[in-house]
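So the chains spell out like this:
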Amino acid sequence: VQLQASGGGTVQAGGSLRLSCTASGHEFRIDRMGWYRQAPGKQRELVATMGNDGSTTYKDAVKGRFTIHRDNAKNMIVLQMHSVQPEDTGVYYCYTGVWDRSGTLRNYWGQGTKVTVSS
């Protein structure tokens, strides 16, 4: 499974940024897709994810500012970021869970796209 992410960059505080990620190469059904991030010197943390049923999970700090969208036909996940803050700075990783033929859910990660928010 390959995850191709795009959309990172530098933005001023209060601005907006859009991250997208497309999955390919999977044989069976994709389960959850989403985004994690890792700030310098910190552990990777969940930002937002969405299941096949449209259920969403957001980090509390991004609720009301970030919105996750999913296009199942294109196996694409999009993170729309508004009112970004310096603490949103980090490397954002696209994530997906894919069921294999044995019924095991396997996790896959994209290469990471850097987001820098300047104050």
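Just above sits the structure.
Residues numbered from 1 in each chain as written. Predicted model: local features only at pLDDT ≥ 70, side-chain atom pairs only at ≥ 80, totals over all residues. Heavy atoms only, no water.

**Some words on the overall build of the protein chain**
Next up, step 1: Looking only at helices and strands, the protein chain has zero helices and 11 strands in total.
Next up, step 2: Along the protein chain, helices (α) and strands (β) appear in the sequence β-β-β-β-β-β-β-β-β-β-β when read from the amino end.
Next up, step 3: Here the C-alpha atoms of the protein chain give a radius of gyration of 14 Å, agreeing with the 14 Å that 2.2 N^0.38 yields for 119 residues.
Next up, step 4: By its C-alpha atoms, the protein chain is 50 × 25 × 20 Å across when sized along the principal axes.
Next up, step 5: Within the protein chain, the proportion of its 119 residues that are buried is 39%.
Next up, step 6: Put simply, of all contacts in the protein chain between residues at least 6 apart along the chain, 52% involve residues at least 24 apart.
Next up, step 7: Counting only carbon and sulfur atoms, one obtains 46% of the accessible surface of the protein chain, whose full area is about 6,300 Å².
Next up, step 8: Between the averaged position of the 14 positive side-chain charges in the protein chain and that of its 9 negative side-chain charges there is a distance of 3 Å. (Helix = DSSP H or I, 4+ residues; strand = E, 2+ residues; numbered from the N terminus. Rg over C-alpha atoms; globule rule 2.2 N^0.38 Å. Buried < 20%, exposed > 50% of the residue type's maximum accessible area, 1.4 Å probe, protein only. Contact = heavy atoms within 4.5 Å. Areas by Shrake-Rupley, 256 points an atom, 1.4 Å probe, with all protein chains shown as cover. Lys, Arg positive; Asp, Glu negative; His and termini not counted. Charge placed at Lys NZ, Arg CZ, Asp CG, Glu CD.)

**So, the environment of L17**
Next up, step 1: Looking at the secondary structure, you find L17 in strand β3 (residues 17-24).
Next up, step 2: Discounting residues that sit within four places of it in the chain, L17 has contacts with G7, G8, G9, V11, L79, Q80, M81 and V115.

**Re the packing of aromatic side chains**
Next up, step 1: Across all of its chains, the model carries three aromatic pairs by this definition.
Next up, step 2: Between Y36 and Y95, the aromatic rings sit 5.7 Å apart at their centres with planes inclined by 70°, giving edge-to-face as the arrangement. Here the residue Y36 occupies a position in strand β4 (residues 30-38), and Y95 occupies one in strand β9 (residues 90-99), the gap between them amounting to 59 residues. Across the pair, Y95 and Y36 agree in class, each one buried.
Next up, step 3: With a centroid separation of 5.0 Å and 75° between ring planes, the pair formed by Y36 and W109 is classed as edge-to-face. Here W109 lies in strand β10 (residues 105-109) and Y36 lies in strand β4, a separation of 73 residues in the sequence. (Phe/Tyr/Trp six-rings, centres within 6.5 Å; stacked < 30°, edge-to-face > 60°.)

**Overview of the pairing of β3**
Across a regular strand the side chains alternate sides, sitting on one face of the sheet and then on the other.
Next up, step 1: Pairing of strand β1 (residues 2-6) with β3 involves five bridges; the strand directions are antiparallel. For S6, the partnering residue across the bridge sits in β3 and is S20. (Pairing = 2+ DSSP bridges.)

**Describing the state of the cysteines**
As used here, a disulfide is simply a covalent bond connecting the sulfur atoms of two cysteines.
Next up, step 1: Inspection of every chain in the model, using the stated rule, returns one disulfide.
Next up, step 2: Linked covalently through their sulfurs, C21 and C94 form a disulfide whose S-S length is 2.0 Å. Between C21 and C94 the sulfur-sulfur dihedral comes to about -90°; the bridge is accordingly left-handed. With C21 in strand β3 and C94 in strand β9, this residue pair connects regions lying 73 residues apart in the sequence. (Disulfide = S-S within 2.5 Å.)

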